[in-house]
Protein chains: 2
Amino acid sequence: MLLSTEPARAEIIEAHKKVKKFVHYTPTFSSKTLNAILGCKIFFKCENFQKTGSFKFRGAINALLSISKYEWKKGVATHSSGNHGAALALAARTKRIPAYIVMPRTISPIKKIAVEAYGGKIIYCEPTLASREETLAKVVAERGATFVHPYDNYSVIAGQATCAKEIFEEIQGLDFVLAPVGGGGLLSGTALSKKFFAPDVKIIGTEPKGADDASRSFRDGTIHPSIDPHTICDGLLAQLSEKTFDIIRKNVDDIIPASEESIISAMRMIWERLKIIVEPSAAVPLAVVLENRKKFINKKLAIIITGGNVDLTKLPWQ
Amino acid sequence: MLLSTEPARAEIIEAHKKVKKFVHYTPTFSSKTLNAILGCKIFFKCENFQKTGSFKFRGAINALLSISKYEWKKGVATHSSGNHGAALALAARTKRIPAYIVMPRTISPIKKIAVEAYGGKIIYCEPTLASREETLAKVVAERGATFVHPYDNYSVIAGQATCAKEIFEEIQGLDFVLAPVGGGGLLSGTALSKKFFAPDVKIIGTEPKGADDASRSFRDGTIHPSIDPHTICDGLLAQLSEKTFDIIRKNVDDIIPASEESIISAMRMIWERLKIIVEPSAAVPLAVVLENRKKFINKKLAIIITGGNVDLTKLPWQ
């Protein structure tokens, strides 16, 4: 059964036990040169090496493992044009059940191919919120599929929490964990793991200035919608939900925006120094470090590298 | 003292003990999807994560640790416009001694910056073989620096051999190890490690068709010069030396060329599937697998990912 309340300590431990058999235990990378340049010690948790190329697989597989065999038969469904869609498709395939992924007709071929490669069944909608919701509701009604929201779902949040849990088990004495925030699934999961497993660590959400609804929401104590966001971080266009915002409000220390210019610099720095491929969204935490050097000087940081799914023919520095 | 004869088993073991404190123990990566596509099991030894971004640091540091403190004072010198120059510069810096790197005036700024970033002292020559040798000889005569050839040097070869030694210690039951071959330092080191530590494994050298002097030399039993090579693999333009060819002839099972088209496909496949940055030269072994599927079907392979130093503004698929 999907969790119906905010994940408790035992539920995150349970989630981690369950998903361990399915997710990659991703390595943490660091670079002496980068640390010397920045004057702090950074551990990059490489979820770009996670199955389907992003942390989203943790939440998707945990949701899938939380529902009954009876529900499995009818499949799972979601709306997502990005990493969650691919993650849910692969999660469903591990149990040989259908995953219905609602996507706008205008989707880029590369994203379509990713979902199909993992066996997802794409159902097209018009590129409007109304059409997306209507199409999804229809799939759920007709097929009896279980809807797995990309982030407004406590089982998904518990799954994402396992990433920070691994960080805390591996690295002692951290001052900060920095994670990007879009809809807030990863950030709220990270904040819960901090609360239960590393209460002294500060959690910083990071987002593009051109999509800074989360930092404004955090500051004002009320959810601001994400209206007409402008950023290359296509993974961070969503807005917080009731569930994620409530956890973030109570357990996150700050949400800091970064400019597009810094995000591109940070992305290139990670490619060049760590020799790993990360998507723009994954570079936002390092961009925040670049713009706030004093705050992090001599500190010990973990940064969650959220994903590595990027169109290699369209790089932002070209 | 630099080794004056072909490295024996004990000398490679000794080299590994010495360099261990200085080199990164690099991870081996694999991809279920890639294995499923190719019908074999491939372990990628990620020397792109090695210090200075290539395996060359192993040979450079081993050479440096082989000479006396008296020699250290006078510094080390080499001619290299690529990874060996950067590797020797950083190796020298660990002992705070000078590294003189002879480079043609026409060198790309990106390569110059890499050597300077590691503290190397660049000495320019004209872009001809005669000028290079003359300039190097002058540095050696005037400064008393020890010349560390990029590959025609047994201590360098012993250092490169430590990479395959790590592979054999980590992965049992391999059928093949595939490595690129330019001047043959890595391939000869790999072949020696096979001879001493994993005699049942087959060693395959791989090179671009547009620079296939090594496979022609291997076939004909005599060194063919590398004349006017045409390939994007700028790390594989050198030709075999007496020392490397002799080891390769006796201990390597085959040298197979691959087309530029396959090299670009293989490179992109590695970037997309493994989410790691590898230079064109490092993709040649996978290109050979792509072109010789039957040979490797159901086999267990290790591929040495030689380096990850690539100009991110000039990608070959763009």
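K.L.:
Report on the environment of Pro 229 of chain A, specifying residues and quantitative values.
P.N.:
Following the sequence through the fold, Pro 229 of chain A ends up in the loop between α10 (213-220) and α11 (242-251). In this structure the C-alpha to C-alpha distance between Pro 229 of chain A and Ala 15 of chain A, which are 214 residues apart in sequence, comes to 33 Å.

K.L.:
Please give an account of the sheet that holds strand β2 (residues 41-46) of chain B that cites residues and values.
P.N.:
All names here are of chain B. Spatial strand order, β1-β2-β10-β7-β8-β9: six strands in an open sheet with mixed pairing. Edge strands, defined here as strands with exactly one partner in the open sheet, are β1 (28-29) and β9 (254-258). Pairing analysis gives three bridges linking strand β7 (residues 176-180) to strand β10 (residues 300-305), with the strands arranged parallel. Looking across to β10, one finds that Phe 176 is bridged to Leu 301. Helix α13 (residues 284-291) contacts β2, β7, β8 (202-208), β9 and β10 of the sheet and is inclined by roughly 85° relative to β9.

K.L.:
Tell me about helix α8 (residues 154-170) of chain B, and name the residues and values.
P.N.:
When the terminal C-alpha atoms of α8 of chain B are compared, their 25 Å separation across 17 residues agrees well with the 24 Å that a helix rising 1.5 Å per residue should span. Where α8 of chain B begins, the capping side chain belongs to Asn 153 of chain B, and its oxygen is found 2.9 Å from the backbone nitrogen of Ser 155 of chain B.

K.L.:
Go over the relation of the copies chain A and chain B, please, and point to the residues and values.
P.N.:
Rotating chain A by 180° about the axis while translating it 0.0 Å along that axis superimposes it on chain B, leaving an RMSD of 0.0 Å. Given the turn and translation reported, the copies of this chain are related as if by a two-fold rotation axis. Every residue of chain A has its C-alpha some distance from the rotation axis, and the shortest such distance is that of Ile 276 of chain A, at 2.1 Å. By residue overlap, the copies meet face to face through one surface: 100% of the interface positions of chain A are interface positions in chain B.

K.L.:
I'd love a proper account of helix α12 (residues 260-274) of chain A, names of residues and values included.
P.N.:
Residues and elements named next belong to chain A. Relative to the 21 Å expected for 15 residues at 1.5 Å per residue, α12 spans 21 Å between its end C-alpha atoms, a close match to the ideal helical length. By the burial criterion, the buried members of α12 are Ser 262, Ile 263, Ala 266, Met 267, Ile 270, Trp 271 and Leu 274. One or two residues past the end of α12 sits Lys 275, with phi positive at roughly 60°.

K.L.:
Kindly report on the confidence of the model for chain A, identifying the contributing residues and their values.
P.N.:
Any region with low pLDDT has predicted coordinates that should not be read closely. Mean pLDDT over chain A works out to 96, with 100% of the residues at or above the 70 mark. Here the predicted complex scores 0.95 on pTM and 0.93 on ipTM.

K.L.:
Break down the interface of chain A and chain B for me, with residues and values.
P.N.:
Contact with chain A, which involves 21 residues of that partner, is made by 21 residues of chain B. Between chain A and chain B, the buried area comes to about 1,700 Å², and carbon and sulfur atoms account for 60% of it. When the area that chain A buries against chain B is broken down by residue, the three leading residues are Lys 275, Ile 277 and Leu 312 of chain A, summing to 36%. Summed over the shared surface of chain A and chain B, the result is zero salt bridges. Top element by residues in the side of chain A that touches chain B is α12 of chain A. It accounts for four residues. Looking at the side of chain A that touches chain B residue by residue, the classes come out as nine nonpolar, six polar and six charged.

K.L.:
Please give an account of the pattern of salt bridges that cites residues and values.
P.N.:
Residues and elements named next belong to chain A. If you walk through the whole model with that rule in mind, you get 34 salt bridges over all chains. The closest approach of N and O atoms between Glu 6 and Lys 195, which form a salt bridge, is 3.8 Å. Residue Glu 6 is found in the segment before α1 (9-19), and its partner Lys 195 is found in helix α9 (residues 185-197); the two are separated by 189 residues along the sequence. On the basis of relative accessible area, Glu 6 is assigned to the partly exposed category, the value being 22%. For Arg 219, the salt bridge is made with Asp 220, and the minimal N-O distance between the two is 2.8 Å.

K.L.:
Any details on the side chain of Glu 207 of chain A? Residues and values, ideally.
P.N.:
Residue and element names in this part refer to chain A. The residue Glu 207 is located in strand β8 (residues 202-208) in this model. This buried residue, Glu 207, is left without a salt bridge; Arg 216 holds the nearest opposite charge, at 6.6 Å. Discounting residues that sit within four places of it in the chain, Glu 207 has contacts with Val 181, Asp 212, Asp 213, Ala 214, Ser 215, Ile 255, Ile 256, Pro 257, Ala 258 and Val 284.

K.L.:
Go over unusual backbone geometry with me, naming the residues and quoting the values.
P.N.:
Residues and elements named next belong to chain B. Of note, the phi angle at Lys 275 is positive, near 60°, even though the residue is not glycine. Mapped onto the fold, Lys 275 is located in the loop between α12 (260-274) and α13. Overall, Lys 275 belongs to the buried group, its relative accessible area being 10%. Although it is not a glycine, Asn 298 adopts a positive phi angle of roughly 65°. The topology assignment puts Asn 298 in the loop between α14 (293-296) and β10.

K.L.:
Now, about the sheet that holds strand β5 (residues 121-125) of chain A: what can you tell me, with residues and values included?
P.N.:
All names here are of chain A. The strand order β5-β4-β3-β6 describes an open sheet built from four strands, whose pairing is parallel. Sheet topology places β5 and β6 (146-147) at the edges, where each strand pairs with a single neighbour. Bridge count for strand β4 (residues 99-104) against β5 is five bridges, and the pairing is parallel. Among the inter-strand pairings, Met 103 is bridged to a residue of β5, identified as Tyr 124. Seen against the sheet, helix α6 (residues 109-117) touches β4 and β5 and runs at an angle of roughly 145° to β5.

K.L.:
An account of the nonpolar core is needed here, citing residue identities and associated values.
P.N.:
Ranked by internal contacts, the top residues of the largest apolar core, which has 80 residues, are Trp 271 of chain A together with Trp 271 of chain B. Listed in part, the 33 residues of the second largest apolar core include Tyr 154, Ala 161, Leu 192 and Phe 218 of chain A.

K.L.:
Can you explain the packing of aromatic side chains? Please cite residues and give values.
P.N.:
Considering all chains together, one arrives at eleven aromatic pairs over all chains under this definition. Between Phe 49 of chain A and Phe 29 of chain B the ring centres are 4.8 Å apart and the planes differ by 85°, which places this aromatic pair in the edge-to-face class. Residue Phe 49 of chain A is located in the loop between β2 (41-46) and α3 (56-66), and its partner Phe 29 of chain B is located in strand β1; the two belong to separate chains. Overall, Phe 49 of chain A belongs to the buried group, its relative accessible area being 13%. The buried category is assigned to Phe 29 of chain B, whose relative accessible area is 12%.

K.L.:
Which residues make up the packing of α1 of chain A against α3 of chain A, and what values go with them?
P.N.:
All names here are of chain A. Close contact between α1 and α3 brings their axes to 10 Å; oriented N to C, the two are set at 95°. The pairing of α1 with α3 is recorded here as roughly perpendicular in orientation. Residues Ala 15, Lys 18 and Val 19 of α1 touch α3, and the partners they reach there are Arg 58, Ile 61, Asn 62, Leu 65 and Ser 66. Taken together, the residues of the contact of α1 with α3 sort by class into four nonpolar, two polar and two charged.

K.L.:
With reference to specific residues and values, describe the pairing of β4 of chain A.
P.N.:
All names here are of chain A. For β4, the buried fraction is high: five of the six residues fall into the buried class. By the bridge criterion, four bridges tie strand β3 (residues 76-79) to β4 in an arrangement that is parallel. Each residue of the ladder has a partner; that of Thr 78, found in β4, is Ile 101. Following the backbone out of β3, through helix α5 (residues 83-94) and into the adjacent parallel β4, one traces a crossover that is right-handed. Crossover handedness for the path β4 to α6 to β5: right-handed.

Rules and cut-offs
Residues numbered from 1 in each chain as written. Chains lettered and ligands numbered in written order. Predicted model: local features only at pLDDT ≥ 70, side-chain atom pairs only at ≥ 80, totals over all residues. Heavy atoms only, no water. Helix = DSSP H or I, 4+ residues; strand = E, 2+ residues; numbered from the N terminus. Pairing = 2+ DSSP bridges. Contact = heavy atoms within 4.5 Å. Axes fitted to C-alpha atoms, helices over the stretch in contact; angles between N-to-C directions. Expected span 1.5 Å × (residues − 1). Polar contact = N/O pair within 3.5 Å; in protein donor to acceptor, adjacent residues only side chain to side chain. Least-squares fit on C-alpha atoms with pLDDT ≥ 70 in both. Buried < 20%, exposed > 50% of the residue type's maximum accessible area, 1.4 Å probe, protein only. pLDDT = per-residue confidence, 0-100. Buried area = accessible area lost by both parts, 1.4 Å probe. Salt bridge = Lys/Arg side-chain N within 4 Å of Asp/Glu carboxyl O. Nonpolar A, V, L, I, M, F, W, Y, C, P; charged D, E, K, R; others polar. Lys, Arg positive; Asp, Glu negative; His and termini not counted. Core = buried A, V, L, I, M, F, W, Y, C linked by side-chain atoms within 4.5 Å. Phe/Tyr/Trp six-rings, centres within 6.5 Å; stacked < 30°, edge-to-face > 60°. Parallel < 35°, antiparallel > 145°, perpendicular 65-115°, else oblique. Right-handed = clockwise from strand over helix to strand, strands pointing away.

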